[in-house]
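# Structural overview for review
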Amino acid sequence: MRDESADVRGMNTTPLIAAVLLAATGSASAQVELIDLLPGYTLGGMHGLSADGSTLAVDMFINDSVAYDAYAWRGGAWGSLPRYDRFNNWQGISGDGRTTLSVSSDWGQDGHLVRVENGVRDTVTFANGGRRIHGALTRDGQTVFYSLQPEIFASDQFVELYRYRADSFPGVLVATLSDRFVGGGGLVAGDRDDLFAIEAQIEQSALGVGGMTRAVIYDAGNLIELPTLTNADVVHFGVSAMTADGSVVVGTESSRGIDDFDAVYKSWIYRDGTLGELTVAGFSQLSILSITDDARAMVGSAMTDTGEYGSFLFYDAARAYSAEQLLAGSGVTLGAGEHASIGGISADGSTVYGAILRGTSSQFGPDWTLFTVAVPAPGGASAFALAGLLAARRRR
C-alpha cells in the first residue's frame, strides 16, 4: 500500500535513509570504520549488513521516551527509517542497502510492517488483535515474506505465512503452519521470491517456560520442517542466515535436559536438502550468526579449546579471527575494560561488522562504538589454526 505523501514524525523521506541524514562521529582507515551512536541513544541491537557491505542496520534505544528507532549507517552518516509509532525495529534490508523493511508499533497498538524504497513508504500489512509480525526481504528488495501469529487466546487460528510483492497490497497467503505451531519468529530470505526459512514457536516445553522453536523452510509451496540434532527435553532450533540462491541455510540449536542448568549449543547447516551439524576444529558451543553466499566464511560465537568464549570470523576453512584480532589488524587497540564482539559478515564476504562495549555508561545506558572492518585477504595470519569446517551427522 503505497503512501507517497506520508509525513513521518515531521520528517520528509529521502532514498533509503529516510529523513534527514544526521552526522555522527566516525573514524576510518582503508580497512576499518569506527561509528559512534547518535547522542542520547544506546545500542538496541544490530540487525545486519547489506549484502554488498554498504549499509549497516541498527536498532537504537532511547531511555527518555522508552523507544526503539531503526537507523541505517551509510556513506558516513546515520539516517532513520520512517515509522508510525514509538517502536521501530529492523526486519530486512536489500542487497544494495537501498530498500528497507521494519515493524512499527506502540504500547497496546497494532504493528505495521513497512517497506521503504527510494524514500517512498509502502505499507505491507498491519496486525490486528495483538498478532505479531515478522518479516524478511529478498535481495532485490521487491518481495517481502512475513508471518502473522494467532491472536492472543485465539485457539482457532494458526501461524500464517504470506508473500507480498512491491506495491501489490495486500499480501498473498502462501502457507499455514500446522496447529503444532503457536507463534512465528525470525525469517530469512535470499534472491528467490518463492523460498524463505522461519524459526517458528511450538507448544510449551517440558519445563513449562517459553515455547521451543523449530526451523521450517518454505520452498515453492512446500513446507519442510527440519529435524533437530539433539533429542532433549528442551530444544530451540533457530534459523540464522541463507545464501542468495537458498542452497545453504544455517542456524543454531540450544538444548538441555530438565535437570540441566546450562544449555548445549550446536550449529547446523542445511545444504542442498541435507542437514548436518556444523563443527569447527578447536571450537565448541558454536552458534553461527551469518554466512557468505559462497559459504567460505561465517561469523559466530564459540568457545576455544582453551576455554575462551567469544565471537569469531571463520574464514576459508583455514583461519579464525577474534574481534580483537580483526581490529588490531587495522590499527585499533582496545583499552582496559573494553570488549569487542563480531555481529556478522556481508553476504559478498567483503566486510565484517560488530560492536565495542566501552566499559563506561551515561544516563542513556552503556557506551558503545560500532565498527565495520574489511575481511582479511587470503593468506593472512591468524592465531587460530582450523582443521576445516565439517558438516557431520548428515540427515535428510
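What this report covers is the structure whose coordinates are included nearby.

What counts and what doesn't
Residues numbered from 1 in each chain as written. Predicted model: local features only at pLDDT ≥ 70, side-chain atom pairs only at ≥ 80, totals over all residues. Heavy atoms only, no water. Patch = residues over 30% accessible without salt bridge, like charges linked within 9 Å, V, L, I, M, F, W, Y side chains within 5 Å. Areas by Shrake-Rupley, 256 points an atom, 1.4 Å probe, with all protein chains shown as cover. Salt bridge = Lys/Arg side-chain N within 4 Å of Asp/Glu carboxyl O. Lys, Arg positive; Asp, Glu negative; His and termini not counted. Charge placed at Lys NZ, Arg CZ, Asp CG, Glu CD. Helix = DSSP H or I, 4+ residues; strand = E, 2+ residues; numbered from the N terminus. Buried < 20%, exposed > 50% of the residue type's maximum accessible area, 1.4 Å probe, protein only. Pairing = 2+ DSSP bridges. Core = buried A, V, L, I, M, F, W, Y, C linked by side-chain atoms within 4.5 Å. Contact = heavy atoms within 4.5 Å.

### Topic: a negative patch on the surface
On the surface, a cluster of negative charge is contributed by D140, D191, D245 and D272. Of note, D191 is situated in the loop between β17 (187–189) and β18 (195–204).

### Here we look at the pairing of strand β13 (residues 143–148)
The buried fraction of β13 is high, at six of six residues. Residues T143, F145 and S147 point to one face of β13 and V144, Y146 and L148 to the other, with burial holding for every one of them. Both strand β12 (residues 133–137) and β13 contribute to a ladder of five bridges, which runs antiparallel. Following the sheet pairing, L137 is matched in β13 by V144. Hairpin remark: β12 followed by β13, antiparallel, with five residues in the connecting loop; positive phi at G141, about 75°. Note: β13 against strand β14 (residues 160–165), six bridges, orientation antiparallel. The residue of β14 that forms the bridge with T143 is R165.

### Notes on the pattern of salt bridges
Applying the stated rule across the entire model yields eight salt bridges. Measuring nitrogen to oxygen at the nearest pair gives 2.4 Å for the salt bridge that ties R115 to E117. Residue R115 is classed as buried on the basis of its relative accessible area, which comes to 1%. Residue E117 is classed as partly exposed on the basis of its relative accessible area of 22%. Note that D293 and R139 form a salt bridge whose closest N and O atoms lie 2.9 Å from each other. On the criterion of sequence distance, the pair formed by D293 in the loop between β25 (283–291) and β26 (297–304) and R139 in the loop between β12 and β13 is long-range, its members being 154 residues apart.

### Brief notes about the nonpolar core
Residues L313, L326, L327, I342, I345, V352 and F371 are the most contacted members of the largest nonpolar core, which totals 19 residues. Here L313 is in contact with A297, M298, V299, R319, A320, Y321, L326, I342, I345, V352, V375 and P376, once residues within four sequence places are set aside. V159, L177, L187 and I202 belong to the second largest nonpolar core, which has 18 residues in total.

### What to know about the environment of V159
Mapped onto the secondary structure, V159 falls in the loop between β13 and β14. For V159, a relative accessible area of 0% gives the class buried. In contact with V159, not counting residues within four places along its chain, are S147, L148, P150, A175, T176, L177, F181, V182, G183 and G184.

### Things to note about the side chain of S287
Here S287 lies in strand β25. If near-sequence neighbours (up to four positions away) are discounted, S287 is found in contact with T252, Y265, S267, V299, G300 and S301.

### Some remarks on the environment of Y146
If you trace the backbone, Y146 turns up in strand β13. Each C-alpha atom of the pair Y146 and L173 lies 9.6 Å from the other, and the pair is 27 residues apart in sequence. Every residue in contact with Y146, bar those within four places of it in the chain, is listed here: L113, V124, T125, I133, H134, G135, E160, L161, Y162, Y164, G171 and L187.

These figures capture arrangement, not role.
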